[in-house]
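Here is how the chains run, residue by residue.
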Amino acid sequence: MKNNKEFAAISAGFFVIYSLLSLVNHLNFRTTSWDLGLYNQALYQYAHLQIAPNTVDGAPIRLGDHFEIVMILVSPFYYIFGSYTLLIFQILMTIFGAVGIYQYLNIKTNDRWLSLGGVGIFYCFYGLFAAILFDYHSNLIGIMFLPWILVSVAKNNTKQFYIFLALMILSKEPFALLAFFLGLYIAIFEGKKWRLRGIITAIIGLLSFWLILSVIIPYFNDYRPYQHWVYGQVGKGPIDAVRNVILHPISILTIMFNNELKLTSWAMLGVAGGIVAILNPLAALLFPPLLSIKYLSSETNHWLYFFQYSVEFAPILAISVILATRRLPGNLKYIITVLFIFINISLSLSVPYNDWKRITDIFKPDFYYNDRTRDLQRAIKMIPPDA
């Protein structure tokens, strides 16, 4: 990472933007109980070595709702940063993911400007802003380990590879499924040296996915089945869903496009770079499970572009757009890269996000202090210290 002042300057700028959007929202009481409130309660319990129910979502313990071990590792920082801990961690992990993207693209293209372009697409992606603007999400944390897994493969660093793979899987249960498809990608496209390790990765992902959904989460939820299987129209469970996908592929595929909201979200992803990214094997193999999780769900929020459920595409899209166009002649690859940066900037600036928040709000004085903030601060001061 020597002589990369441009990358450092760009990252510093986005660190400031993300901090304004996320931390100022929390300072001014614009974060919510779902999701930051329930996560902060769990973080407090982990930091104080408590095993207690979550009073927001009713889970006997956070692990009974989602498999988020990485949050336990972060919990000691609660003593320093308090309720801002997870928001700060989320921003730092975004920068961490960008460093991995930059390193990986530098290795694959040996072109500093294309690498910076990939980072620009990543930083400006609307799905990333949607996640940062709205509380904290372990989906963002987990996907930021993916670029570092790819860096490990490119550098033939097996130990580092399995460390980052484990951290990704331990971030949240869907990443075990993603690890299966990542293993297939590695086995097919990363050469003979990594073929066996790719197969092992796929097996680890598949076994982890089954173990987490069928054993670990039910164990921590009073032996009740996994509560977030919202794919009843596909199957009663993962095995039934796979069977139906094999037997009725057209019917299942139709579900992914059967709503105007879904079509709008598809269009957003395609225009942001998905239509080019899919030409690269990485996106061709990793997009399908993420798209299935998103568009086969019966929960409307999963389809919408202004919620956090598109953040997993960010690093895959950025990397794949650059790798799909890097061999184009002359300056065409640079023109396409700049075009997608501007498209992502335009999309991110023009759309409203959850609770009608906009990125441009940071230029308004009442974003930082307003009558509502003043009244809430006064109300809090009325609460006795020993209450």
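This report concerns the structure included in the present document. (Residues numbered from 1 in each chain as written. Predicted model: local features only at pLDDT ≥ 70, side-chain atom pairs only at ≥ 80, totals over all residues. Heavy atoms only, no water.)

## Some words on the overall build of the protein chain
Thinking step 1. In terms of helices and strands, the protein chain carries 20 helices and zero strands.
Thinking step 2. Its C-alpha atoms give the protein chain a radius of gyration of 21 Å, within 12% of the compact-globule value 21 Å for 387 residues.
Thinking step 3. For the protein chain, the spread of C-alpha atoms along the three principal axes comes to 65 × 50 × 45 Å.
Thinking step 4. A total of 387 residues make up the protein chain; the buried ones form 52% of that total.
Thinking step 5. The long-range fraction of contacts in the protein chain, counting pairs at least 24 apart against all pairs at least 6 apart in sequence, stands at 72%.
Thinking step 6. When the accessible surface of the protein chain is split by element, carbon and sulfur atoms take 68% of a total near 17,800 Å².
Thinking step 7. Each charge class in the protein chain can be summarised by its mean position, and for the 28 positive and 20 negative side chains these summaries are 13 Å apart. (Helix = DSSP H or I, 4+ residues; strand = E, 2+ residues; numbered from the N terminus. Rg over C-alpha atoms; globule rule 2.2 N^0.38 Å. Buried < 20%, exposed > 50% of the residue type's maximum accessible area, 1.4 Å probe, protein only. Contact = heavy atoms within 4.5 Å. Areas by Shrake-Rupley, 256 points an atom, 1.4 Å probe, with all protein chains shown as cover. Lys, Arg positive; Asp, Glu negative; His and termini not counted. Charge placed at Lys NZ, Arg CZ, Asp CG, Glu CD.)

## Describing the pattern of salt bridges
Thinking step 1. Considering all chains together, one arrives at eight salt bridges under this definition.
Thinking step 2. A salt bridge links arginine 62 to aspartate 65, with the shortest nitrogen-to-oxygen separation between them at 3.0 Å. For the residue pair arginine 62 and aspartate 65, the accessibility class agrees, reading buried in each case.
Thinking step 3. The residue lysine 364 makes a salt bridge to aspartate 361 at a minimum N-O spacing of 3.4 Å.
Thinking step 4. Overall, lysine 364 belongs to the partly exposed group, its relative accessible area being 44%.
Thinking step 5. By relative accessible area, which is 16% here, aspartate 361 ends up buried. (Salt bridge = Lys/Arg side-chain N within 4 Å of Asp/Glu carboxyl O.)

## Overview of the side chain of arginine 197
Thinking step 1. By the secondary structure assignment, arginine 197 is in helix α12 (residues 195–219).
Thinking step 2. The buried charged residue arginine 197 lacks any salt bridge, with glutamate 190 as its nearest oppositely charged partner at 9.9 Å.
Thinking step 3. Excluding anything up to four places from it in sequence, arginine 197 contacts Asn156, Thr158 and Tyr162.

## Points about helix α10 (residues 158–169)
Thinking step 1. Here α10 spans 17 Å end to end across twelve residues, near enough to the 16 Å set by a 1.5 Å rise per residue.
Thinking step 2. Among the residues of α10, Phe161, Phe164, Leu165, Met168 and Ile169 are the ones counted as buried. Projection of α10 onto a plane perpendicular to its axis shows the buried side chains occupying an angular sector of 135°, all on one side.
Thinking step 3. Here the buried face of α10 lies against α5 (85–109), α8 (138–143), α9 (146–154), α11 (174–189) and α12. (Expected span 1.5 Å × (residues − 1). Arc of directions from axis to C-beta.)

## Digging into unusual backbone geometry
Thinking step 1. At phenylalanine 29, a residue that is not glycine, the phi angle is positive and equals roughly 65°.
Thinking step 2. Within the secondary structure, phenylalanine 29 is located in the loop between α1 (5–27) and α2 (33–47).
Thinking step 3. Not every positive phi belongs to a glycine, and aspartate 222 is a case in point at roughly 55°.
Thinking step 4. In this fold, aspartate 222 is placed in the loop between α12 and α13 (238–247).

## Regarding the packing of α10 against α11
Thinking step 1. Where α10 contacts α11, the axes come no closer than 8 Å and their chain directions differ by 145°. Contacts between α10 and α11 pair Phe161, Leu165, Met168 and Ile169 from the former with Phe175, Ala176, Leu178, Ala179, Leu182 and Ile186 from the latter. (Axes fitted to C-alpha atoms, helices over the stretch in contact; angles between N-to-C directions.)

## Things to note about the side chain of serine 19
Thinking step 1. Within the secondary structure, serine 19 is located in helix α1.
Thinking step 2. Given a relative accessible area of 13%, serine 19 falls into the buried group.
Thinking step 3. With near-sequence residues (within four places) excluded, serine 19 lies in contact with Val24 and Ile91.

## What to know about the nonpolar core
Thinking step 1. With 117 residues, the main nonpolar core has Phe122, Tyr126, Tyr136, Leu140, Met168, Leu182 and Ile316 as its most contacted residues.
Thinking step 2. It is α5 that contributes the most residues to this core, twelve residues altogether.
Thinking step 3. Among residues more than four places away in sequence, those in contact with leucine 182 are Leu146, Ile149, Leu150, Met168 and Leu286. (Core = buried A, V, L, I, M, F, W, Y, C linked by side-chain atoms within 4.5 Å.)

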